[in-house]
Amino acid sequence: MSFEWPWQYNFPPFFTLQPNADTRQKQLAAWCSLALSYCRHHKLYTLDVMEAQESPVFNNKKIERKLSMEAIQVVFEELRKKGNLEWLDKNKSRCLVMWRRPEEWGKLIYQWVSKNGMVNSVFTLYELANGDDTEGEEFHSLEEWMLLRSLQALQTDGKAEIITMDDGKGVKFF
Amino acid sequence: MDRFSWSNGLLEINETLVIQQRGVRLYDGDDKAKLDVGVALLSTHRLIWRDVKNHECCIAMPLSQIILFEEQAAGIGKSAKIVIHLQETSVNKEPGPYQNSKYSFIKLSFKEHGQIEFHRRLTEEMTQKRWENTPVSQPISAGTSSQAGRTRAVGIVGIERKIEEKRKETDKNICEAFEDLSKLMVKAKEMVELSRSIANKIKDKQGDISEDESYLLSMGIANPVTRETYGTGTHYHMQLAKQLGDMLQAPLEERGGMMALTEVYCLVNRARGMELLSPEDLVNACKMFESLKLPLRLRVFDSGVMVVQLQSHSEEEMIASALDNVTDKGSLTAEEFAKLLGLSVLLSKERLLLAEKVGHLCRDDSVEGLRFYPNLFSTA
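Since the model is a prediction, treat every value here as computed from it, not as a measurement. Per chain, residues are indexed from 1 in the order of the written sequence. To read the labels, note that chains go from A and ligands from 1, taken in the order they are written. Only residues with pLDDT of at least 70 get local features here, since the model is predicted, and only at 80 or more are side-chain atom pairs given and counted; chain-wide, interface and lining totals rely on the full set of residues. Where side-chain values are given, they derive from all heavy atoms of the structure, hydrogens and water being excluded.

**Description of the overall build of chain A**
Numbering of helices and strands runs from the N terminus; a helix is a DSSP stretch of H or I covering at least four residues, while a strand is a stretch of E covering at least two. Looking only at helices and strands, chain A has six helices and eight strands in total. Reading chain A from its N terminus to its C terminus gives the helix and strand order α-β-α-β-β-α-β-β-α-β-α-α-β-β. Each principal axis of the C-alpha atoms in chain A carries an extent, and together these give about 55 × 35 × 30 Å. We call a residue buried when its accessible area falls under 20% of the maximum for its residue type, exposed when it is over 50%, and partly exposed in between, using a 1.4 Å probe and counting protein chains only. Relative to its 174 residues, chain A shows a buried fraction of 45%.

In structure tokens form, the structure reads like this:
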């Protein structure tokens, strides 16, 4: 299934940071949603800002418009504020993109666990992300750092406990 | 002795020195004059005597005053003398060392001789009467105000006089120059009258003249408000504002209700002709529109651009028209919008920015320039 671009993607003003505060807010919301859905569609978890500028998301070759570096930073900052992005370095050149926040992932995982009657069972993290049972689930092949974050979120809610095992980490759901 | 008057000792233009003799004492009649021994000079016009030490002390008498003269031989302890009999004192005589004298003759006493030669020369001059042939223009006098004395002045006094003369000349020239200017002003008034009468004639037969010309003529302000007529400060600006209100109405309507202040400035000064306005006065006058309840307003855009607009020219209308035009065309640049409305690019851009400010438009700032689109972000 190919990625479906929003209408804004072909609207030239979308690629100019709007000076009007209200307009800019709406524009940024559209950008955040586009960036996240694009990453989700392509299962991207980390982004390099320099590469991002050349990626089709921020560079519409058809209408010959691309978002400036400054504007990309603004969009990323907006994502960070919403909790969908984390910088990996001080220079803000690389970032983690969380198109689902850890709590959302945790919720999805817990739903799957309870649906399959496996509450009170113990899983290794590898099993959860790459095991045959989870094939077809959205969290399948979730990157480990992301998975760990999701489980940590569940642990805060008292729905899981992360256990350290010989060859890695495991989790028990309650 | 009362025939003598003070002199500067200088010769007049046509006067020539005949002889001079040192060691001469003057006698007032039979009495010794209260003057020291000095130099007697005989010129073609005058008999002059000057003190030996103090050259400032110098007296002179016209030869025309002399009736006759005689020699008086020297005696024991007495120098040779020349007795000179004189006419009655003239009424308007210049002041001299003696205001009046009981004697009608004077004596020249020659302490160092020379009386023979002096007498001979004096006789010559009295027979030739050269003062009659070449009269000096002014009465011979010591007065500093005398023209002749001034032209021949030497030393510092002379320099000062020359400077004074030059200054007077300059003064005169300046006066003359300004006289010309005032004449020009009078002519200017006539010219204004003339142009007014022409304008009236044209009004009477409208159609004979092209629209441009009549427009130009109608722009002239017959009685411009000036600082001369309305003084300085607020009152002047108020009057000016009223006049601007009258004259800008038509041009503003023609231009869609708005004009940049620079354009107003040009238009107003073209109309005023001679009585030009300063930019500062124009701005100050425009600031008065509101308080005077005139149908005009000075508006300062966020960018600092100042415009004069009709009060009826509402912002909402401006924004609505900008949005309509942009929606109609899909997108517009300021230049395209200016062409569409017949406005200046500056003002059309201000309108677009205004519409953007209220959220009706959004921008696309690319290498191709700044382009405005309907704000689909808000409507979608």
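The rest of the description comes next.
**Details of the packing of helix H7 (residues 234-254) of chain B against helix H9 (residues 279-286) of chain B**
All names here are of chain B. Only the contacting stretch of a helix is used when fitting its axis, a line to C-alpha atoms as for every element, and angles between N-to-C directions run 0 to 180 degrees. The N-to-C vectors of H7 and H9 enclose an angle of 80°; their axes lie 8 Å apart at closest approach. Of the possible angle classes, the one that applies to H7 and H9 is roughly perpendicular. Along the contact surface, H7 presents Tyr236, His237, Leu240, Ala241 and Leu244, while H9 presents Asp281, Leu282, Asn284, Ala285 and Cys286. Every angle not falling under 35 degrees, over 145, or within 65 to 115 is termed oblique; those three ranges are roughly parallel, roughly antiparallel and roughly perpendicular. Residue contacts are defined here by distance: any two heavy atoms, one from each residue, within 4.5 Å place the two residues in contact.

**Notes on the pairing of strand E2 (residues 17-28) of chain B**
All names here are of chain B. Within E2, nine of the 12 residues are buried, which leaves it mostly tucked inside the rest of the structure. Here five bridges tie E2 to strand E4 (residues 38-43), and the two strands are oriented antiparallel to one another. Bridging across to E4, Leu17 finds its partner in Ser43. Strand direction decides the pairing type here: E2 and strand E9 (residues 105-110), joined by five bridges, are antiparallel. By the bridge assignment for E9, Tyr27 is matched with Lys107. The pairing of E2 with strand E3 (residues 31-32) spans two bridges and is classified as antiparallel. At least two DSSP bridges between two strands are required for those strands to pair.

**Here we look at the packing of aromatic side chains**
Ring pairs are drawn from Phe, Tyr and Trp, using the six-membered ring of Trp, whenever the two centres fall within 6.5 Å, and their geometry is named by plane angle: stacked under 30 degrees, edge-to-face over 60, tilted for the rest. Taken as a whole and judged by the stated rule, the model has 23 aromatic pairs over all chains. With a centroid separation of 6.3 Å and 40° between ring planes, the pair formed by A:Trp7 and B:Phe377 is classed as tilted. Note that A:Trp7 is positioned in the segment before helix H1 (21-41) and B:Phe377 in helix H13 (residues 376-379), a pairing that runs across two chains. For A:Trp7, a relative accessible area of 37% gives the class partly exposed. On the numbers, 5.4 Å between centres and 80° between planes, the contact of A:Phe11 with B:Tyr373 is edge-to-face. Of this pair, A:Phe11 sits in the segment before H1 while B:Tyr373 sits in strand E15 (residues 369-374), which puts the two residues in different chains. You'll find A:Phe11 and B:Tyr373 in the same group, each marked buried. Any Lys NZ or Arg CZ found within 6 Å of a ring centre and within 35 degrees of that ring's normal is scored as a charge over the ring. Over the aromatic face of A:Trp105 sits the side chain of A:Arg100, whose NZ or CZ is 5.2 Å from the ring centroid. Over the ring of A:Tyr110 we find A:Lys159; its NZ or CZ atom is 5.2 Å from the centre of that ring.

**Things to note about unusual backbone geometry**
All names here are of chain A. Of note in the backbone geometry, Lys92 takes a positive phi value of approximately 55° without being a glycine. Its location among the elements puts Lys92 in the loop between strand E4 (85-87) and strand E5 (94-97). Take Lys92: its relative accessible area is 33%, and that puts it in the partly exposed class.

**Some thoughts on the interface of chain A and chain B**
The extent of an interface is frequently quoted as the accessible surface area lost upon association of the parts. Counting residues at the interface gives 14 residues for chain A, matched by 17 residues for chain B. When a carboxyl oxygen of Asp or Glu lies within 4 Å of a side-chain nitrogen of Lys or Arg, that pair is called a salt bridge. At the boundary of chain A with chain B, the tally comes to two salt bridges. In the analysis that follows, any N or O atom pair within 3.5 Å is treated as a polar contact, provided that within protein one partner can donate a hydrogen and the other can accept it, and provided that, for residues neighboring in sequence, both atoms belong to side chains. Seen at the junction of chain A and chain B, the total is six residue pairs in polar contact (both at pLDDT 80 or more). By residue number, the principal contributor to the side of chain A that touches chain B is H1(A), which donates three residues.

**Points about the domain arrangement of chain A**
Residues and elements named next belong to chain A. By domain assignment, chain A separates into domain 1 (7-97) and domain 2 (102-173). Annotation comment: domain bounds sourced from an automatic or database domain assignment. For domain 1 and domain 2, the distance between their C-alpha centroids amounts to 30 Å. Contacts between the two partners involve six residues from domain 1 and, on the opposite side, six residues from domain 2. As used here, buried area is the combined drop in accessible area, with a 1.4 Å probe, of two parts when they are placed together. Contact between domain 1 and domain 2 buries roughly 600 Å² in total, counting both sides, with carbon and sulfur atoms accounting for 50%. Where domain 1 packs against domain 2, one counts one salt bridge. A salt bridge links Arg149 to Glu86; the nearest nitrogen and oxygen atoms lie 2.6 Å apart.

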